[in-house]
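A closer look at the structure
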Amino acid sequence: MNKLSTRLKTFLQSPIVAGNGVVPRREGLWYTIGIAGQNISCGMVGWFYYFCTDVAYYDMRVIAIVLTVARIWDAVNDPLMGVLIDRHRFKNGEKLRPWLRIAPIVAGISAMLMFLKPGFTEDSVYLQGILIMAIYLIYDMSFTVQDVSMWGMTAVMSPHSNERSRLAQWGRIGGTVGSWLPGLISVFISAANAIGMSQRVLFAILGVVLGLGGMLLSITSSIGKERVRSLPQKGSASLWTNLSDLFKNKMVMLILAGSILSGLSLTVPQIYFFKYKVTLNLFGFEMDGTTASFFYGIFAGLPGTLAMLIVPQFAKKVGGMKNILILSCFAAIVMRVLCFFVGYEGYRILIVTLLMAVASIPAGMTGIAMTSLFGDSIDYMEWQTGRRAEAITFAAQTFASKIVGAINTGVSTVLFIVLHYSAEDYDAGLPLSPEFDRWVWPLFILGPIIGSILNVIPLLFIHYPDSLKKQVEADLQQRRAQSKSQTDDEVCLTE
């Protein structure tokens, strides 16, 4: 037993990357658990749109206007918050880690409140809008501070690109594992219906357990240490200088452009297609659409999850992280076209699941590839300007994801209005509209192709060869060594 304990302790204390690694596995595991907790809560909030349409029955006009406007405003606000984080230093010299102990508490409480509908909003469209706007903005702003700081940590926990890639890999795997629990919500809905529990009660409970609980768990990511600090600068850079540094970062700009363009997809969320169009009979066992959606998510996403384990090796095979992003777009296009011609009726949905599982392999690697490229771009920015901007860079990533979310929300809601979708009427015994019934399948399966085509165009212009990356890392290491030597000399003279 003592030998096993000693081996485990040695394993956890050894670095993530053998050789030049500086991050112990123990620290990396706590960081990963924190990201898993964040994704538990984030996955719960991902159901807020469904809660608005199919549980709380908020007015569709409110959903279209308020959520879209709130997400766009918060997205625009993200780079500014990133600049503020980059320009602020806590007394201990850190700029990211302390936020990981503060922001999750605010985000968790507001995430919980999102799934409670006060009775006084029943007959007032204006009160509905004010309520949704206020809670959502509080959640999103606190989440932004946490998310920017959390992913920014991958760039400051280690000075080595290979170790940063491994941290991004661990983090994305942790995020995927964390998202599995909210993935069970579709099963919980079916179970609640079976026992007569109202969905309002169910979502109130889930808001506390997953929304608040996940964020509290995410505080463990603050165990990570900041090892890379900005080099001393003469004077302080202006707010515009920090922003202009971001705009000069061509790699980040191209990745963000592709991400934002990917949001221009005429599609509807998965749960709406499965809930109303899919029933499955396997060996005499009847499965409703919400349960089928859960199993589809597992089996269609499992290869992508496993693919996260081999991202560094796969990147070498295909010529770099950029090519993983490009390959993901092409795989999604091809597989979705095949799925459309296969159809979804009966056993065909199983074939669709298999085809989308193939598409998920490169798709599952994109988060790691993107985070790794962002880390490289931060080094390149420091190499050119002498300034590191982890917060503004990862705030820009959050900005892009929220712009995509805002576009998707707006597009989906407009489509629902055009297709005359009403969950309240359906629950009252009325049939779905003919328009919704006809178009929900092609919109679900083919709509994302538009985003994939638009996404790949900017990615083709990214150019950061391995030779340049090695030169940048070597030069920065030499600069930091010289800076440390000068600082030590100044301390000796002072003494």
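Keep in mind that this is a model prediction, so the values were computed, not measured.

**A word on the overall build of the protein chain**
For the protein chain, the count of helices and strands is 21 helices and 2 strands. Taken over the C-alpha trace, the protein chain has a radius of gyration of 24 Å; the compact-globule value for 495 residues is 23 Å, and the two agree within 12%. Dimensions along the principal axes, computed over C-alpha positions, put the protein chain at roughly 85 × 55 × 50 Å. Each of the 495 residues in the protein chain was classed as buried or not, and the buried ones make up 54%.

**Remarks on the environment of Asp59**
Along the chain, Asp59 turns up in the loop between α3 (48-55) and α4 (60-87). Residues within four places of Asp59 in sequence aside, it is in contact with Val125 and Gln128.

**Description of the pattern of salt bridges**
In total, this model carries 9 salt bridges according to the counting rule given. With a shortest N-O distance of 2.7 Å, Glu27 and Arg227 are connected by a salt bridge. In this pair, Glu27 sits in helix α2 (residues 25-45) while Arg227 sits in the loop between α9 (199-217) and α10 (239-248), placing the two residues 200 residues apart along the sequence. Residue class for Arg227 comes out partly exposed when judged on its relative accessible area of 30%. Here Lys469 and Asp466 are joined by a salt bridge, their closest N and O atoms 4.0 Å apart. Here Lys469 and its partner Asp466 are both found in helix α21 (residues 466-494), 3 residues apart, which amounts to about one turn of the helix. Ionic contacts of the salt-bridge type, sharing partners, join the residues Arg164, Asp376, Asp379, Asp466, Lys469 and Lys470 into one network.

**Brief notes about empty space enclosed by the protein**
Applying the stated criterion to the full structure yields 1 cavity of 30 Å³ or more. Of the voids in this model, the largest cavity is the one considered here, and its volume is about 50 Å³. In terms of lining, the largest cavity is formed by Phe48, Tyr58, Leu113, Met114, Leu116, Leu131, Ile132 and Ile135. Among the elements that take part in the lining of the largest cavity, helix α6 (residues 125-156) stands out by supplying 3 residues, more than any other. Classifying every residue of the lining of the largest cavity gives 8 nonpolar, no polar and no charged.

**Some details on the layout of surface pockets**
Its volume calculated, the second largest pocket comes out at about 820 Å³. In terms of lining residues, the second largest pocket is bounded by 29 residues, among which Gly320, Met321, Asp376, Asp466 and Lys469 are the most central. Mapped onto the lining of the second largest pocket, the elements with two or more residues apiece are α7 (161-183), α14 (311-318), α15 (321-342), α17 (366-385) and α21. Broken down by class, the residue content of the lining of the second largest pocket amounts to 10 nonpolar, 11 polar and 8 charged.

**Some remarks on the packing of α2 against α7**
Running from amino to carboxyl end, α2 crosses α7 at an angle of 40 degrees, the nearest separation of the two axes being 7 Å. The crossing of α2 and α7 is right-handed. Each of Arg25, Gly28, Leu29, Tyr31, Thr32, Ile35, Ala36, Asn39, Ile40, Gly43 and Met44 in α2 lies in contact with α7, whose residues at this interface are Leu167, Trp170, Gly171, Gly174, Gly175, Gly178, Ser179, Leu181 and Pro182. The class makeup of the residues in the contact of α2 with α7 is 10 nonpolar, 9 polar and 1 charged.

**Observations concerning unusual backbone geometry**
The residue Tyr57 is not glycine, and still its phi comes out positive at about 55 degrees. What makes Tyr57 partly exposed here is its relative accessible area of 28%.

**Quick notes on helix α13 (residues 289-307)**
Over its 19 residues, α13 runs 27 Å from end to end, which matches the ideal 27 Å to within 8%, given 1.5 Å per residue. Taken as a whole, α13 carries its principal kink of about 40 degrees at Gly301; the proline Pro303 stands between one and four residues after it. Along α13, the positions that sit buried rather than exposed are Gly289, Thr290, Thr291, Ala292, Ser293, Phe294, Tyr296, Ala300, Gly304, Thr305 and Ala307.

**What to know about the nonpolar core**
Core analysis: the largest hydrophobic core is formed by 70 residues, its most contacted members being Phe48, Phe203, Phe273 and Tyr421. Ranked by residues supplied to this core, first place goes to α6 with 7 residues. Within the second largest apolar cluster, 60 residues are counted, among which are Ile16, Ala103, Ala168 and Met381.

**Comments concerning the packing of α13 against helix α16 (residues 348-363)**
If you want to describe how two helices pack, look at the angle between their axes and the distance between the axes. The geometry of α13 relative to α16 is characterised by a closest axis approach of 7 Å and an angle of 25 degrees between their N-to-C directions. Between α13 and α16, the angle falls in the class roughly parallel. Where α13 crosses over α16, the two elements pack in a sense that is right-handed. For the pair formed by α13 and α16, the contact residues are Tyr296, Phe299, Ala300, Gly301, Pro303, Gly304 and Ala307 on the first element and Val352, Thr353, Met356, Ala357, Ser360 and Ile361 on the second. Class assignment for the residues of the contact of α13 with α16 results in 9 nonpolar, 4 polar and no charged.

Thresholds, definitions, all that
Throughout this description, residue numbers start from 1 for each chain and increase along the sequence as written. Side-chain atom pairs in this predicted model are given and counted only at pLDDT of 80 or more, local residue features only at pLDDT of at least 70, and totals for whole chains, interfaces and linings cover all residues. Hydrogen atoms and water are omitted, and side-chain values are computed over all heavy atoms in the structure. Per the convention used, a helix needs a DSSP run of H or I reaching at least four residues, while a strand needs a run of E reaching at least two, with both numbered from the N terminus. The atom set for the radius of gyration is the C-alpha atoms, and the globule formula is 2.2 Å times the number of residues raised to the power 0.38. Throughout this description, buried means an accessible area under 20% of the type-specific maximum (1.4 Å probe, protein chains only), exposed means over 50%, and partly exposed covers the range between. Contacts are assigned to residue pairs with any non-hydrogen atoms lying within 4.5 Å of each other. The salt bridge criterion pairs a side-chain nitrogen of Lys or Arg with a carboxyl oxygen of Asp or Glu, the two atoms within 4 Å. Of the grid points, spaced at 1 Å and generated over the protein atoms alone, those admitting a 1.4 Å probe that cannot get out make up cavities, while open sets with protein on both sides within 12 Å along at least five of seven lines make up pockets; any residue with an atom within 4 Å of a point is treated as lining. Grid points are joined across faces, edges and corners, and a volume is the space filled by probe spheres set on the points. Any residue outside Ala, Val, Leu, Ile, Met, Phe, Trp, Tyr, Cys, Pro, Asp, Glu, Lys and Arg is labelled polar, Gly included; the first ten of those are nonpolar and the last four are charged. The angle between two axes is taken between their N-to-C directions and runs from 0 to 180 degrees, where each axis is a line fitted to C-alpha atoms and a helix contributes only its stretch in contact. Take the far helix as the reference: if the near one is turned anticlockwise from it by less than a right angle, the crossing is left-handed, and if turned clockwise, right-handed. Multiply 1.5 Å by the residue count of a helix minus one, and that product is the helix's expected span. The bend at a residue is defined as the angle formed between two axes, one fitted to the seven residues ending at that residue and one fitted to the seven starting there. By nonpolar core is meant a set of buried Ala, Val, Leu, Ile, Met, Phe, Trp, Tyr and Cys residues that side-chain atoms within 4.5 Å join together. Roughly parallel means an angle under 35 degrees; roughly antiparallel means over 145; roughly perpendicular covers 65 to 115; every other angle is labelled oblique.

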